[in-house]
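Topology and contacts: notes
The residues making up each chain are set out below.
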Amino acid sequence: MGGVLAAVIPEPGARVEVREVAEPELEENSALLEVELSEVCGTDVHLQRGRLAGVPYPLVPGHVSVGRLGKIRGRMLDVEGRAFREGDRVTFLDVHRTCNACWQCLVAKSTTRCPARKVYGITYGFADTLAGGWAEKVYLKPATRCISLEGVEAETFMAGGCALPTALHAVERAQIPLGATVLVLGSGPVGLSAVILALMSGALRVLCTGAPDSRLEAARAAGAHATLNVETHSTDEREEWVLAHTAGRGADVVVEATGAPAAVVEAMRYARDAGTVVVVGQYTDHGEVSFNPHLDLNRKHLDVRGCWGSDFSHFYRGAQLMADAARAGPWSRLRLERFGLGRANEALAAVASGRVVKALIDPRA
Ligand SMILES: [Zn+2]
Ligand SMILES: [Zn+2]
């Protein structure tokens with residue numbers, strides 16, 4: 001039995017290193033995924049810098065991945081009860097062990113807040129075997145939910161990557177009225193997917209603010225009608241720009257996908273009276289921000305919604321969209337950059353600086 005190469009973050013703040021580990025023994029109803037591509041996203045940058053709580057270092061990052069089922073012991077079933085076969089191309093829901101028995105799951109029906117849930121590549125560490133995608137193989141534990149990607153290009157699916165279910169959840173929370181003007185704050189992967197999905201949901205026009213220019217160009221290629229660089233425009237200039245594009249009223253719906261706390265207040269200010277704001281960009285704690293409850297929220301009669309994580313339905317519907325060539329078009333045009341396991345640190349730096357639209361780990365490169 002040969003070893004398996006995996007990229008590991010040894011401890012918070014340490015550089016990623018490649019280690020060779022023994023291939024894990026398979027329990028009943030588990031499988032090994034031979035990774036084709038795995039995600040490098042902002043969360044991985046935060047993981048490497050030690051900015052997320054409750055992470056069991058050392059850790060193999062990579063929460064969303066695509067690959068082929070290399071070995072199955074027992075049975076792995078899809079959501080319609082069909083058995084997967086060795087050789088099938090799949091992705092899998094990175095969230096594992098949602099209990100469907102606790103108060104959050106059963107009463108609040110908010111499974112993304114289930115306290116029992118574990119996430120591959122984030123809250124499963126190296127001690128939990130090969131539980132991250134930056135490796136030649138991932139151990140898919142029993143009850144891991146796989147989704148077929150037969151007929152879907154690995155690269156196209158990963159152009160959406162983890163941003164696709166995240167943005168899908170946010171756009172679902174936004175309940176965009178047909179013909180609405182939507183403003184997306186942020187031009188990272190979640191912002192870009194939100195632009196595409198907002199248009200798919202019936203928005204007439206989507207505006208996008210972000211940086212650098214290469215990502216704003218990607219937003220326009222994805223269908224955004226107008227973009228503005230936040231590095232070269234003050235908040236007052238941004239507000240004027242939004243008002244100029246919305247007959248002086250503000251956007252019907254604003255999706256915040258930046259990671260900067262101040263953007264949440266901007267989102268409220270750029271929304272029209274009685275509009276909707278969805279906050280999806282605050283996955284890590286970047287601190288506090290102040291706002292005027294009378295002017296920014298109450299008098300505006302705003303509907304402000306948080307959006308935490310994603311569940312199986314968002315992954316499943318994302319995969320369905322990607323299986324439709326016409327729907328997948330805007331994602332297939334995004335520029336991707338592949339990095340081998342040995343270049344994981346470069347990939348993190350490229351994501352942190354925003355130099356790339358999307359970085360992927362290709363363990364076979
Ligand atoms: Zn639960
Ligand atoms: Zn991610």
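The structure we're discussing is the one just above.
Now for a look at the structure at hand.

Conventions adopted
Per-chain numbering applies: the sequence of each chain, read as written, is numbered from 1 onward. Labels are handed out in written order, letters beginning with A for the chains and numbers beginning with 1 for the ligands. Reporting in this predicted model follows two pLDDT cut-offs: at least 70 for local features of residues, and 80 or more for side-chain atom pairs to be given and counted; totals over whole chains, interfaces and linings ignore these cut-offs and use all residues. Only hydrogens and water are set aside when side-chain values are computed; all heavy atoms of the structure are taken into account. Helix and strand labels come from DSSP, where a helix needs a run of H or I of at least four residues and a strand needs a run of E of at least two; each type is numbered from the N terminus. Burial classification: accessible surface area is computed with a 1.4 Å probe over protein chains only, and a residue below 20% of its type maximum counts as buried, one above 50% as exposed, and the rest as partly exposed. Contacts were defined at the residue level, with two residues in contact if any of their heavy atoms lie within 4.5 Å. Exposure was quantified through the Shrake-Rupley algorithm and a 1.4 Å probe, taking into account, for residues, occlusion by the shown protein chains and nothing else. Surface patches are drawn from residues lacking salt bridges whose relative accessible area is over 30%; two like charges belong together within 9 Å, two nonpolar side chains (Val, Leu, Ile, Met, Phe, Trp, Tyr) within 5 Å. The salt bridge criterion pairs a side-chain nitrogen of Lys or Arg with a carboxyl oxygen of Asp or Glu, the two atoms within 4 Å. Any nitrogen, oxygen or sulfur atom within 2.8 Å of a metal ion counts as a donor, with the limit raised to 3.2 Å for Na, K and Ca, and since water is left out, coordination shells can look unfinished. Axis angles are defined between N-to-C directions and span 0 to 180 degrees, where every axis is a line fitted to C-alpha atoms and, for a helix, only to the segment in contact. Every angle not falling under 35 degrees, over 145, or within 65 to 115 is termed oblique; those three ranges are roughly parallel, roughly antiparallel and roughly perpendicular. In this scheme, a crossing is called left-handed if the near helix is turned counterclockwise away from the far one by less than a right angle; it is called right-handed if the turn is clockwise. Side-chain classes are defined by residue name, with Ala, Val, Leu, Ile, Met, Phe, Trp, Tyr, Cys and Pro counting as nonpolar, Asp, Glu, Lys and Arg as charged, and the others, Gly among them, as polar. For four-coordinate sites, all angles between 85 and 135 degrees define a tetrahedron; for four- and six-coordinate sites, opposite donors beyond 155 degrees with the remaining angles between 65 and 115 define square planar and octahedral shapes respectively, and all other cases count as irregular.

The secondary structure content of the protein chain amounts to 12 helices and 17 strands. Taken along the three principal axes of its C-alpha coordinates, the protein chain extends 65 × 40 × 40 Å. Scored against the burial criterion, the 365 residues of the protein chain give a buried share of 55%. Nonlocal contacts in the protein chain, meaning residues at least 24 apart in sequence, comprise 68% of its contacts between residues at least 6 apart. For the protein chain, the accessible surface area stands at approximately 15700 Å², while carbon and sulfur atoms represent 48% of it.

This brings us to a nonpolar patch on the surface. Together, Trp103, Leu106 and Val107 make up a nonpolar patch on the protein surface, roughly 350 Å² of accessible area in all. Mapped onto the elements, Trp103 comes out in helix α2 (residues 103-106).

What follows covers the coordination of the zinc ion (ligand 2). Listed as protein donors to the zinc ion (ligand 2) are Cys41 (SG), His63 (NE2) and Cys162 (SG); their distances from the metal cover 2.0 to 2.2 Å. For the zinc ion (ligand 2), the donor residues sit on a single chain with the sequence spacing C-x21-H-x98-C. Taken together, the positions of Cys41 in the loop between β3 (30-40) and α1 (42-49) and His63 in the loop between α1 and β4 (65-73) put the pair 22 residues apart, joining distant regions of the chain. The burial state of Cys41 is the same as that of His63; both residues are buried.

Here we take up the packing of helix α5 (residues 189-200) against helix α6 (residues 213-221). Running from N to C, α5 and α6 cross one another at 20°; their axes reach a closest spacing of 9 Å. The orientation of α5 relative to α6 falls into the category roughly parallel. Judged by the sense of rotation from one axis to the other, the crossing of α5 with α6 is right-handed. Residues Pro189, Leu192 and Val195 of α5 touch α6, and the partners they reach there are Arg215, Ala218 and Ala219. Split into classes, the residues belonging to the contact of α5 with α6 amount to five nonpolar, no polar and one charged.

Protein-derived coordination of the zinc ion (ligand 1) comes from Cys99 (SG), Cys102 (SG), Cys105 (SG) and Cys114 (SG), at a distance range of 2.3 to 2.4 Å. Classification of the site at the zinc ion (ligand 1) rests on its four donor atoms, whose angles at the metal span 103 to 119°, yielding the label tetrahedral. Counting residues between consecutive donors of the zinc ion (ligand 1) along the chain gives the motif C-x2-C-x2-C-x8-C. Of this pair, Cys99 sits in the loop between β6 (95-96) and α2 while Cys114 sits in the loop between α2 and β7 (118-119), placing them 15 residues apart in sequence. Relative accessible area serves as the criterion here: at 4%, Cys114 is assigned to the buried category.

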